[in-house]
Amino acid sequence: MGAADIVPGVSGGTVALLLGIYERLILNVRNVAGFAGRVLRGDVDGGRARLKSVEWTWLISLLAGILMAIAALSAVLERLLDEQPIRMAGLFFGLILGSVIVAWRLVRKVDVAGFAIMVVVALFFFLFLGLRTDTSSEAVLQTVTKPLWLFFLVGGIAICAMILPGISGSFLLVMMGMYSEVLGAVNDRNFLVLGVFTAGCVIGLSMFSTLLEWMLEHHHDRVLAAMIGLMLGSLRVLWPWPAGTATTTMSWPREDVLIPILLAFAGFAVVIVVELISHRLGKTASNRS
């Protein structure tokens, strides 16, 4: 998940869905966010109850793995994305496409309504991503110029990308024109702005994770269909040509074609093999129990 979060257009939620831990992650995130929300409302006893229901060992292990992956792989992936953008985009395109297949197998009952939701969400997100051609703000001056309430709002929106497959939080900030603002607050150590942004993240995560868990419980297949649509729509960012993940502009394959295609097939195959191994191990464990 940490490695996925480094890549523009790729979400750690996609990896969680692939590994079959998505719903468990949502439950724990909701309980942690619910604790913060209850404390902010003055309900200390309710917050304490929420803390006790969190699987701390599992969650901390997961977070530690994410942070270790970011620390260990960020420099390597950033260099590869800069030096080989088309080939890396091909690899990640295959990984996400394989994840779509795996996620589709998690749908309990395939029907017309679910298929329609998937198509509509995919088309909408595909067009939404096309509203901005570039996926970075490196050329923009990194400074704070916006009002505090806007940082609160975008924090609540961008944090949702953490638990949704197919959406990158940093890319959402780019789409809203706030990437350089938030980065500027980090670089300037503007703790007031960062505190307001964090408060928006906490409130947004608390509200959204609760809603998402309820929807997964009562409308499991519809929610999964929408998530698959998000992943399909996000493939626009990962289309290798003309410049990999640096742009949402798409063109016909040219020049460097064969290797990106081979890497896409390799990425697709890796996801399918991992899913088959995970399924076989899960079946073996259930038979032993």
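Residues numbered from 1 in each chain as written. Predicted model: local features only at pLDDT ≥ 70, side-chain atom pairs only at ≥ 80, totals over all residues. Heavy atoms only, no water.

### Topic: a nonpolar patch on the surface
Okay, step 1: On the surface, a cluster of nonpolar side chains totalling about 230 Å² of accessible area is made up of Leu19, Val270 and Val274.
Okay, step 2: Along the polypeptide, Val274 turns up in helix 13 (residues 258-288).
Okay, step 3: Accessibility expressed as a relative area gives 34% for Val274, which makes it partly exposed. (Patch = residues over 30% accessible without salt bridge, like charges linked within 9 Å, V, L, I, M, F, W, Y side chains within 5 Å. Areas by Shrake-Rupley, 256 points an atom, 1.4 Å probe, with all protein chains shown as cover. Salt bridge = Lys/Arg side-chain N within 4 Å of Asp/Glu carboxyl O. Helix = DSSP H or I, 4+ residues; strand = E, 2+ residues; numbered from the N terminus. Buried < 20%, exposed > 50% of the residue type's maximum accessible area, 1.4 Å probe, protein only.)

### Description of the environment of Met88
Okay, step 1: With respect to the element layout, Met88 can be found in helix 6 (residues 85-105).
Okay, step 2: Considered as a pair, Met88 and Pro260 are 172 residues apart in the sequence and their alpha carbons are 7.3 Å apart.

### Quick word on the environment of Trp104
Okay, step 1: Relative to the helices and strands, Trp104 resides in helix 6.
Okay, step 2: Given the relative accessible area of 26%, Trp104 is considered partly exposed.
Okay, step 3: Trp104 sits 117 residues away from Asp221 along the chain, and the two C-alpha atoms are 9.4 Å apart.
Okay, step 4: Leaving out residues up to four positions away in the same chain, Trp104 has contacts with Val110, Phe115, Met118 and Ile228. (Contact = heavy atoms within 4.5 Å.)

### Digging into unusual backbone geometry
Okay, step 1: Note that the residue after Trp241, namely Pro242, is joined by a cis bond; omega there is 15 degrees.
Okay, step 2: Take Pro242: it is sitting in the loop between helix 12 (220-238) and helix 13.
Okay, step 3: Phi angles above zero are rare outside glycine, and Glu255 is one such case at about 60 degrees.
Okay, step 4: Mapped onto the elements, Glu255 comes out in the loop between helix 12 and helix 13.
Okay, step 5: Its relative accessible area of 78% is what places Glu255 among the exposed residues.

### A short note on the nonpolar core
Okay, step 1: Formed by 55 residues in total, the largest nonpolar core has its most connected members in Tyr22, Leu25 and Leu212.
Okay, step 2: Examining the composition of this core, we find that 10 residues originate from one element, helix 12, more than from any other.
Okay, step 3: Leave out the neighbours within four places in its chain, and Leu25 touches Met1, Ala16, Trp58, Leu59 and Leu62. (Core = buried A, V, L, I, M, F, W, Y, C linked by side-chain atoms within 4.5 Å.)

### Describing the packing of helix 8 (residues 148-158) against helix 11 (residues 191-218)
Okay, step 1: Contact geometry for helix 8 and helix 11: axes closest at 7 Å, N-to-C directions at 35 degrees. Both helix 8 and helix 11 take part in a crossing whose hand is right-handed. Facing Leu148, Phe151, Phe152, Val154, Gly155 and Gly156 of helix 8, the residues of helix 11 in contact are Leu192, Val193, Val196, Phe197, Ala199, Gly200, Cys201, Ile203 and Gly204.
Okay, step 2: Residue classes in the contact of helix 8 with helix 11 are distributed as 11 nonpolar, four polar and no charged. (Axes fitted to C-alpha atoms, helices over the stretch in contact; angles between N-to-C directions. Left-handed = near helix turned anticlockwise from the far one by under 90°. Nonpolar A, V, L, I, M, F, W, Y, C, P; charged D, E, K, R; others polar.)

### Side note on the packing of aromatic side chains
Okay, step 1: Scanning the entire structure with this criterion turns up four aromatic pairs.
Okay, step 2: Between Phe93 and Trp239 the ring centres are 5.8 Å apart and the planes differ by 75 degrees, which places this aromatic pair in the edge-to-face class. A residue pair is termed long-range when its members are at least 10 positions apart, and Phe93 in helix 6 and Trp239 in the loop between helix 12 and helix 13 qualify at 146 residues.
Okay, step 3: Trp239 gets classed as partly exposed once you look at its relative accessible area, which sits at 22%.
Okay, step 4: A centroid spacing of 6.4 Å and a plane angle of 10 degrees characterise the contact between Phe124 and Phe128, whose relative ring orientation is stacked. Note that Phe124 and Phe128 are positioned in helix 7 (residues 112-129) at a spacing of four residues, about one turn of the helix. (Phe/Tyr/Trp six-rings, centres within 6.5 Å; stacked < 30°, edge-to-face > 60°.)

### With respect to the side chain of His220
Okay, step 1: As for its placement among the helices and strands, His220 is situated in helix 12.
Okay, step 2: With a relative accessible area of 9%, His220 lands in the buried category.
Okay, step 3: The residues touching His220, leaving out its near neighbours within four places in the chain, are Glu23, Leu106, Arg108 and Met215.

### Description of the packing of helix 11 against helix 12
Okay, step 1: It is the contact of helix 11 with helix 12, at a shortest axis distance of 5 Å, that shows an interaxial angle of 120 degrees. Comparing the axis directions of helix 11 and helix 12 gives the class oblique. Contacts between helix 11 and helix 12 involve Leu212, Met215, Leu216 and His218 from the former and His220, Val223 and Met227 from the latter.
Okay, step 2: Considering only residue class, the contact of helix 11 with helix 12 consists of five nonpolar, two polar and no charged. (Parallel < 35°, antiparallel > 145°, perpendicular 65-115°, else oblique.)

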